[in-house]
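In case you want the letters, here they are:
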Amino acid sequence: MNENSKIEIKTTTCYMCACRCGINVHLKDGRVKYIEGNPDHPVNEGVLCAKGSAGIMQQYSPAKLTAPMLRVGPRGSGEFKEISWDEAMDIAEGKLRAVREKDPKRLAFFTGRDQSQALTGWFSAKFGTNNYAAHGGFCSVNMAAAGLYTIGGSFWEFGEPDWHQTKYFMMFGVAEDHDSNPIKKGIGTIKSRKGTKYVSVNPIQSGYAAIADEWLGIRPGTDGLFIGAMIAELLKAEKIDWQFLIRYTNSPWLVIDKPGSAQHGLFARDSDGAPLCYDSSLEKITAMKVGKSKPAMVGEYNLEDGTKVVPAFQHIAQEFMGDKYDLAAVEKQTGIGAKDIERIAAEMAEVAFSQEITIEQKWTDSYGVTHDKIVGRPVSFHAMRGIAAHKNGFETCRMLHMLQMLLGAIDGPGSFRYKPPFPRPCPPHKKMAKVSAAPMQSLSLEPLGFPSGPEDLAVDENGEPTRLDKAFSWEYPLAIHGMMHMALHNAWAGDPYKVDVLFMYMANMAWNSSMNVENAIKYMTDKDPETDDYKIPYIIYSDAFYSETVPYADLILPDTTYLERWDAISMLDRPIGTAEAAADSIRQPVLEIDRDVRAFQDVVLDLGARLGLPGMVDDEGNPLYPDGYKDYLSGHERAPGVGPLSGWRGEDGNSQGKGAPNPNQLQKYIDNGCYWEFALEPHEQYNRFANQAYLETATKMGWMGAPEPIILNVYNEMLQKFHLAADGHGDHVPPEHARARIKKYFNPVPTWYPPQELVDRNSDEYSLSALTQRPAHMYHSWGGQNAWLRQLTSRNYLYINSQTAKNKDIADGEWVWVKSPHGQVKVQVKFMEGLNKDTVWTWNAIGKRRGAWALDENSPEFKQAFLLNHVISENITTDEGEVRSNSDPVTGQGAWFDTQVKIEKISSDNKAENNGETSPMMPAYKPHVKFSRPDVLRYGFEKEKSFNEYERSLGTTIDKGEK
Amino acid sequence: MHPALSVIIFTTFSGMGYGLFIWLCANLVFASSPPSDMEIVSGTALSTILVGIGLVSSTLHLGHPERAWRAFSQWRSSWLSREGVLSVLTFGPIIFIGGETYLKLGFEYLITPMAVLGILGAVATLFTTSMIYASLKSIPAWHNNWVIIGYQVFALSSGGVAYIMIAGWQHYRLVSALLLIGLLVKIITWIYIDKHRGQYKREDALGLADFGRAKPFEPAHSQKNYLEREMGYNLCPRRRALMRWIALGCGFIVPAILLYMVFSIDILITIICLGGMMAERWLFFAEAEHVVRLYYDKDEV
Amino acid sequence: MTCLPEKTDKKLGLLIDLNICVGCHACAVNCKEWNTSGITGPMEDLKPYGDDPSGVWYNRIHSYEFKKENEVDRTVYFPKPCLHCEDAPCVTVCPTGASLKRSEDGIVLVNPDVCIGCKLCSWACPYGAREYDTSAGVMQKCTLCVDKIYDENIPEERRVPACVSTCPAGARHFGDFADPASNVSLLAAENDARELFPQMKTKPVNQYLPPRKREIAENKKLDQKVTNIKDALMKWATLDFTG
Ligand SMILES: Nc1nc2c(c(=O)[nH]1)N[C@H]1C(S)=C(S)[C@@H](COP(=O)(O)OP(=O)(O)OC[C@H]3O[C@@H](n4cnc5c(=O)[nH]c(N)nc54)[C@H](O)[C@@H]3O)O[C@H]1N2
Ligand SMILES: Nc1nc2c(c(=O)[nH]1)N[C@H]1C(S)=C(S)[C@@H](COP(=O)(O)OP(=O)(O)OC[C@H]3O[C@@H](n4cnc5c(=O)[nH]c(N)nc54)[C@H](O)[C@@H]3O)O[C@H]1N2
Ligand code: SF4
Ligand code: SF4
Ligand code: SF4
Ligand code: SF4
Ligand code: SF4
Ligand SMILES: [Mo]
């Protein structure tokens, strides 16, 4: 017997970040003793990161909200009074009902780190507003959109490198990523295997980049050039997988070449709509038949009517073998040596084409051919916000997929592999609502989806945005995750219109998730002189902690912590599958709630029921899910047989994917460690875009509408449709002001262009790129309240290349101003060598606002730490004088990493500025409660035995020393 | 090393106390005219007080003073334990000599043997004290014979000054000579440690000497931890120079000169000397760099 | 007890792979989480929500930038727990016997019921592996998770130190260095394992694998079959892509 015998272990899912690892929570006397990774869980297989390991301290954070609150002082003051849930729900219900009766779109519902988007999006649709999005629009939508519109999948929840078999791995711009533990496990695997090379492309050599076998300290925003130059090398050496391109991509498809016509740049198709190719053995144009046609990849041909056509591949060759990717020019722009580019292209080609991996496994493709083996080109990639969070990010991400396609390195052994339910058709078939509903009506489509042409945009008859954030408009047509970063600004400006209620959840919009703090605060506190009311009249916010945003809300709906509630990581949202298996999971409450707080999902369902929203009440108007989210998780059907959870469906619990609701479903999950996993058969695991067995399984499971092959888009016809629309073709053309822009940025073949800041009038003055990285042990702002995590990092510095600093006469440890055209912030500098010379950087979201997070007013987070967001902006003015969102022109992705700054010394006689403190230092909130903060924390449990007895009880013989 | 007052007091006071006691005992054993009862009683009393202050102060430095008795147990391996045992044992002769002289219980025939034992005990205690420090390989400034010599010499010189205060001026030349020897030892020690600074490099500590020069990137934790607070003392050169002059001046030169001049207020000389010794001991810690700093802010130690 | 055992039956310890460590601090936090409720916990936190937060950690992750001539500087993360030295000076200096090295497996521990908090062991340790707990007035340190690795309630394969089972990158290995056939001994032998600070003559049990040398081939380059788009289009027009 020992101390552990009284421990109860419960499984659930971590939510110290969005990685969704499985955890075993050890409980003793109703308190958490230890949290460890669940060894059986598909995501983390037993490991646990620093954040996950600090879950105990999150649970015992003094910043936890304890009861609903109603604002009594001015916005931002922090003056609240606590109210009852009845009162809070009455107020919220009243506000929402008024909106719904008047005009549903006047509710803007924006949720941040939401893992229940299948619920919140559905709620918005039922409410009738299309002003709904989560944080994805400012996060990494470029990566997601480029992937979904090119290869039907992407990185992170969409796919992963084949960590176990790859022989050449290249990672672009990743500090941490959502797949936090799987990536670490993966890199660890690669690094413990001899003969696999890992190349990191990142301006900063830290974290993952530190252990790379080769580090390329690229200049930010120029990856497209580097990738393009490698593509050019491969093309020139003919080191490309022609067979892959012909079978699985649209490279051989003929593209109409008729400038000025409405068909220019579109695929030539036969009367059945089948794409055409030029069959070089038949020497004529025929419908492309994979496996039968012998298509030409280049050349000029003529359709029967004489229209000139060329294979799509020729457009690729023309783009990448042009001057733009000339090695010398690329070297100059990227800072990566021409020799290195040549070498890396050669290494890659060598691995792809001379070190193929062959698996003896029969599989049948969608074209009826049975192959007796699976061949893989073991070159793999992973990329994230480093290439996504730029205004040219969509194109760069597409280019990376282009490189993968040319190498034939997609979903084969050793390459990138999809995670089910991906791949999906490109683009996925799900369409979104184009306008909000009429009063008291619901939407039939959800607010977010995938446009497949200009006709799908969410615009009014004048071509102007119907959404508050302008997503899916001619401004940002493929903003498939919405544009949360514009919500505050647009609501404040009344552009395109005003809203009555802003409802937010789990997003620190008054601080680190706004692109500019001062602006965000202004938008929330400005009053309309006419009404003397706030320009954003009512703000409802759900947080679990006293974050910087809490003081700006009018009504606070305090949430539970992740250890106290039910949750689902659903196939309808962002499931947890691996390349080999589909999977989803739940969170179960492992601790009793000890405050007057409620799970937000329960609150949403309750609000829906009170408002009588369809799907949330029965015919009599009674709540359909009286027990809240728990009921909903097993009871709700999105479509017949399809619900939030895929495991143990059907009344008997024996169905997977689809099946009737099962009242015992949650218990089944709990019995299985809170996750469900559905392994794919070995012959279903590769080439899934055209793997017939897989596609059939996917259809059966409800992941696909039909078992049809997914054509990978080397050439993106849909983008050309936008281009044509900008030329005035078709029924849906952009308004005048958007035309030039659409023409410039919508192109079927990916290309590189410099982000605005690299070329505009300020580029000489503001010559340094300013980046942030996520610390592995902090999750945005919410890690900073954690007694253990904040000991690791409670302040940040601005890292600068020592050579750059010396040229500017800046000393290690000096306090300086960082200035951009948008703002300034005072920071302490630290030298670093492994850093691109044109780049400065800091850790993200370490700086906090005084009064928030229950920290002492003199905490380093307030006084020495800083937020880079002071010098970023959600709007920029182009050289043409146009004020635009600081976002990718195609997807609306927030371009955090295009920030350009200069550094100014503080004169040594300026005592006031040389005070060793950051600036701006905003006034402290005055929270209405006094947080109870211990001076000494000694978390643990009473000892039941003396050390000697305990040690003796450990099953070892004790005969120490003095032998 | 962080110069903690408790440890400074411990070593300087007990050093002076034992030094004084050695002088007393030496006079008991060897002097042609043995010390007066008054001298013995006040000498042993002062020794007791000084050593007592030292020990109490060192105990106060503990996290668990009430468990201090446990420190006697590991004399087979630990110099600190040995020091504890010896210092307590040495109290025997001190108390005996003082008590017998004062109370006259009839054991005066034991005084001389006890004085011999007292000398041995005090010298041994001082030796063990010095070995607590000199045995630490992790602190190069301490890990040398000069530290051992220093502890003996400084105890004798400062104890000698105190002895003069009690026993009058007859040995003042000897004491001033000892002070000058102390001065010399201290200077040599400084030269020695300055010369041996930098023998360990960060790359040694990391076991990665073949990877080039290492400089710290991100600290393990943003704020200082116990190790940095305890071992990370930064002495600025001006402060060091000042303290060195104070240590040399007050600890050795001024007392030697005053003794030579037969300065009338002898208690003042003792206080000055003790102050000087405390400055010396302050420097002893403040100047000593622990190799753990290689993992933190020092390129070499 | 303060005497060191002449020989320990096993030499349990950690092998830390600097080639793999990404400096994520998972091991540090998980260590704290396990051990604060463990045999020598709690591990205090001072001013946990205050102006100068600090506390007891049995494992801290340092990082360094290495500069070598003609090479790109490289960043190395460096986790550092107690090394469970064979000739552990922290043990021999201890006056109370609170510091001990177990003869059966070589684990170095502090008995918090006996320690007087004299701090001498922390001075003696060259590696900074000892942590003083001001609230308890005793010294603390890495226990090698002695209360986890021998806990029979834990499935056998999980009976490894918290930092090892949690490390997402797999940079930490646990085993018996006395057994030449153990995982750690084999890895150490194959990979040029390093001992920290050999000059201190403490004979650490823990060892470190160095970062993998970066070997960058010179002037490797693909043979160009076509040099410009015009030639390419001409040549590819006649290629038979069916292969
Ligand atoms: N400079 C710079 N700024 C950036 C970025 C950058 O790279 N550089 N990255 C951007 C990106 S990609 C993102 S995604 C955003 C992230 O920014 P945010 O999404 O704002 O992330 P957090 O700061 O973690 O804020 C989430 C909020 O959720 C609250 N919360 C935590 N747990 C719970 C819970 O269980 N329930 C509820 N209701 N609330 C909870 C937290 O208290 C916090 O207030 O930051 C953006 N900001
Ligand atoms: N621990 C932890 N994990 C997290 C989060 C967290 O806060 N903490 N946040 C989560 C969220 S919301 C997100 S969006 C993900 C983001 O995960 P990441 O994409 O890893 O996000 P960042 O930390 O912003 O890192 C961006 C990286 O890109 C590099 N970079 C910047 N510009 C360029 C460029 O032009 N080219 C190249 N090649 N590299 C560039 C930066 O140096 C940095 O290393 O992480 C998620 N995971
Ligand atoms: S990566 Fe860490 S914080 Fe995120 S879910 Fe996994 S264990 Fe939790
Ligand atoms: S958990 Fe592993 S990778 Fe992370 S710091 Fe520790 S040893 Fe390094
Ligand atoms: S590392 Fe330090 S504490 Fe650990 S055994 Fe060695 S000397 Fe002792
Ligand atoms: S602090 Fe405790 S363990 Fe360390 S030497 Fe002193 S008594 Fe021994
Ligand atoms: S072995 Fe245990 S106590 Fe030691 S560092 Fe690892 S987790 Fe901490
Ligand atoms: Mo994000």
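Criteria and thresholds
Residues numbered from 1 in each chain as written. Chains lettered and ligands numbered in written order. Predicted model: local features only at pLDDT ≥ 70, side-chain atom pairs only at ≥ 80, totals over all residues. Heavy atoms only, no water. Buried < 20%, exposed > 50% of the residue type's maximum accessible area, 1.4 Å probe, protein only. Helix = DSSP H or I, 4+ residues; strand = E, 2+ residues; numbered from the N terminus. Arc of directions from axis to C-beta. Contact = heavy atoms within 4.5 Å. Pairing = 2+ DSSP bridges. Axes fitted to C-alpha atoms, helices over the stretch in contact; angles between N-to-C directions. Buried area = accessible area lost by both parts, 1.4 Å probe. Salt bridge = Lys/Arg side-chain N within 4 Å of Asp/Glu carboxyl O. Polar contact = N/O pair within 3.5 Å; in protein donor to acceptor, adjacent residues only side chain to side chain. Nonpolar A, V, L, I, M, F, W, Y, C, P; charged D, E, K, R; others polar. pLDDT = per-residue confidence, 0-100. Parallel < 35°, antiparallel > 145°, perpendicular 65-115°, else oblique. Left-handed = near helix turned anticlockwise from the far one by under 90°. Patch = residues over 30% accessible without salt bridge, like charges linked within 9 Å, V, L, I, M, F, W, Y side chains within 5 Å. Areas by Shrake-Rupley, 256 points an atom, 1.4 Å probe, with all protein chains shown as cover. Near = heavy atom within 4 Å.

As for helix α6 (residues 183–190) of chain C
Residues and elements named next belong to chain C.
At step 1: Looking at α6, one finds that the buried residues are Val184, Ser185 and Ala188. Viewed along the axis of α6, the buried residues span an arc of 100 degrees, placing them on a single side of the element.
At step 2: Looking at the buried side of α6, the elements it contacts are β1 (12–17), β10 (172–176) and β11 (207–209).

As for the sheet that holds strand β1 (residues 8–13) of chain A
Residue and element names in this part refer to chain A.
At step 1: Read from one edge to the other, the open sheet built from three strands follows the order β1-β2-β3, with strand pairing classed as antiparallel. Lying at the two open borders of the sheet, with one neighbouring strand each, are β1 and β3 (31–37). For this sheet the average axis-to-axis angle between neighbouring strands, irrespective of direction, equals 30 degrees.
At step 2: Pairing geometry for β1 and strand β2 (residues 22–28), over six bridges, is antiparallel. When the bridges of β2 are listed, Thr11 appears paired with Asn24.

Points about the interface of chain C and chain A
At step 1: Listed as interface residues are 96 residues of chain C and, on the opposing side, 112 residues of chain A.
At step 2: With both chains or domains summed, chain C and chain A bury close to 8700 Å², and 56% of this area falls on carbon and sulfur atoms.
At step 3: Taken together, chain C and chain A are joined by six salt bridges.
At step 4: Of the charged contacts, one joins Arg158 of chain C and Glu36 of chain A as a salt bridge, the two residues approaching to 3.2 Å between their closest N and O atoms.
At step 5: Run the count over chain C and chain A and you get 43 residue pairs in polar contact (both at pLDDT 80 or more).
At step 6: For the side of chain C that touches chain A, the per-class residue count stands at 43 nonpolar, 25 polar and 28 charged.
At step 7: Direction of pairing for strand β39 (residues 936–937) of chain A relative to strand β2 (residues 45–46) of chain C: antiparallel, over a ladder of two bridges. Looking across to β2 of chain C, one finds that Val936 of chain A is bridged to Leu46 of chain C.

Overview of helix α1 (residues 26–35) of chain C
At step 1: Burial within α1 of chain C is extensive, with 10 of its 10 residues counted as buried.
At step 2: Ala26, Cys27, Ala28, Val29, Asn30, Cys31, Lys32, Glu33, Trp34 and Asn35 of chain C are the residues of α1 of chain C that are buried.

Some thoughts on the pattern of salt bridges
At step 1: By the definition in use, this model includes 91 salt bridges over all chains.
At step 2: Across the pair Lys419 of chain A and Asp179 of chain A runs a salt bridge, and its minimum N-O distance is 2.9 Å. One end of the pair, Lys419 of chain A, is in the loop between β22 (416–418) and α15 (484–493); the other, Asp179 of chain A, is in the loop between β9 (168–172) and α7 (180–191), with 240 residues separating them in the sequence.
At step 3: Judged by its relative accessible area of 4%, Asp179 of chain A falls in the buried class.
At step 4: Arg244 of chain B is paired through a salt bridge with Asp194 of chain B; the nearest N and O atoms lie 3.3 Å apart. Taken together, the residues span a long stretch of sequence, with Arg244 of chain B in helix α9 (residues 237–260) and Asp194 of chain B in helix α6 (residues 172–196) at a distance of 50 residues.
At step 5: Among the residues examined, Arg244 of chain B registers a relative accessible area of 16% and is labelled buried.

Brief notes about the interface of chain B and chain A
A common measure of how large an interface is: the accessible area buried when the components associate.
At step 1: Opposite the nine residues of chain B that make contact, chain A presents 15 residues.
At step 2: When chain B packs against chain A, close to 930 Å² is buried across both sides, 42% of that on carbon and sulfur atoms.
At step 3: Among the residues of chain B in contact with chain A, Phe217, Glu218 and Ser222 of chain B are the three that bury the most area, contributing 51% of the side total.
At step 4: Applying the counting criterion to the chain B and chain A interface returns one salt bridge.
At step 5: Linking chain B with chain A are seven residue pairs in polar contact (both at pLDDT 80 or more), by the criterion used here.
At step 6: Taken together, the residues of the side of chain B that touches chain A break down into three nonpolar, three polar and three charged.

Digging into unusual backbone geometry
Residue and element names in this part refer to chain A.
At step 1: Residue Pro420 is joined to Pro421 through a cis peptide bond whose omega torsion reads 10 degrees.
At step 2: Here Pro421 lies in the loop between β22 and α15.
At step 3: Residue Cys426 is joined to Pro427 through a cis peptide bond whose omega torsion reads -5 degrees.
At step 4: The phi torsion at Ala845 lies on the positive side, around 60 degrees, for a residue other than glycine.
At step 5: Looking at the element boundaries, Ala845 is found in the loop between β35 (839–843) and α26 (860–863).
At step 6: Judged by relative accessible area, Ala845 falls into the buried class, the value being 1%.

Describing the sheet that holds strand β11 (residues 214–216) of chain A
Residue and element names in this part refer to chain A.
At step 1: What the four strands build is an open sheet, ordered β11-β10-β9-β21; its pairing is parallel. In this open sheet, the two edge strands, each paired with only one partner strand, are β11 and β21 (379–383). Taking the axes of each pair of neighbouring strands and ignoring which way they run, one obtains an average angle of 15 degrees across the sheet.
At step 2: Where β9 lies against strand β10 (residues 197–201), five bridges are found, and the strand directions are parallel. Considered in β10, the bridge of Phe172 is made with Val201.
At step 3: Relative to the sheet, helix α14 (residues 393–407) contacts β9 and β21, its axis offset from that of β21 by approximately 170 degrees.

Considering the confidence of the model for chain C
At step 1: Here chain C averages 95 in pLDDT, while 98% of its residues score no lower than 70.
At step 2: Predicted complex metrics record ipTM = 0.97 and pTM = 0.97.

Topic: the packing of helix α4 (residues 117–127) of chain A against helix α17 (residues 600–610) of chain A
Residues and elements named next belong to chain A.
At step 1: As a packed pair, α4 and α17 sit with axes 11 Å apart at the nearest point and diverge in direction by 20 degrees. Considering their axes alone, α4 and α17 lie roughly parallel with respect to each other. Relative to α17, α4 is oriented so that their crossing is left-handed. Facing Leu119, Thr120, Trp122 and Phe123 of α4, the residues of α17 in contact are Phe600, Gln601, Val604, Leu605, Leu607 and Gly608.
At step 2: Looking at the contact of α4 with α17, its residues break down into seven nonpolar, three polar and no charged.

Quick word on a nonpolar patch on the surface
At step 1: On the surface, Tyr102, Leu103, Leu105, Phe107 and Tyr109 of chain B cluster together into a nonpolar patch covering about 610 Å² of accessible area.
At step 2: Take Phe107 of chain B: it is sitting in the loop between α3 (79–103) and α4 (111–134).

Some points on the pairing of strand β13 (residues 276–279) of chain A
Residues and elements named next belong to chain A.
At step 1: Here β13 shows two buried faces, one formed by Leu276 and Tyr278 and the other by Cys277 and Asp279.
At step 2: Here four bridges tie β13 to strand β14 (residues 284–287), and the two strands are oriented antiparallel to one another. The residue of β14 that forms the bridge with Leu276 is Ala287.
At step 3: In textbook terms, the turn of a hairpin is the stretch between consecutive antiparallel strands, and for β13 and β14 this stretch comprises four residues, one of which, Glu283, has a positive phi near 55 degrees.

A closer look at the site of ligand 4
At step 1: For ligand 4, the set of nearby residues contains 13 residues, the closest of which are Cys21, Cys24, His25, Cys27 and Cys167 of chain C.
At step 2: Residues of the shell around ligand 4, tallied by class, amount to 10 nonpolar, two polar and one charged.

Considerations on the site of ligand 2
All names here are of chain A.
At step 1: Near ligand 2 there are 31 residues, and of these Ala175, Asn202, Asp223, Gln773 and Met778 occur at the shortest range.
At step 2: A distance of 2.7 Å separates an oxygen atom of ligand 2 from a polar side-chain atom of Arg385.
At step 3: The protein chains hide 100% of the 920 Å² of surface that ligand 2 would expose on its own.
At step 4: Taken together, the elements giving at least two residues each to the shell around ligand 2 come down to α13 (385–388) and β31 (768–773).
At step 5: Split by residue class, the shell around ligand 2 holds 15 nonpolar, nine polar and seven charged.

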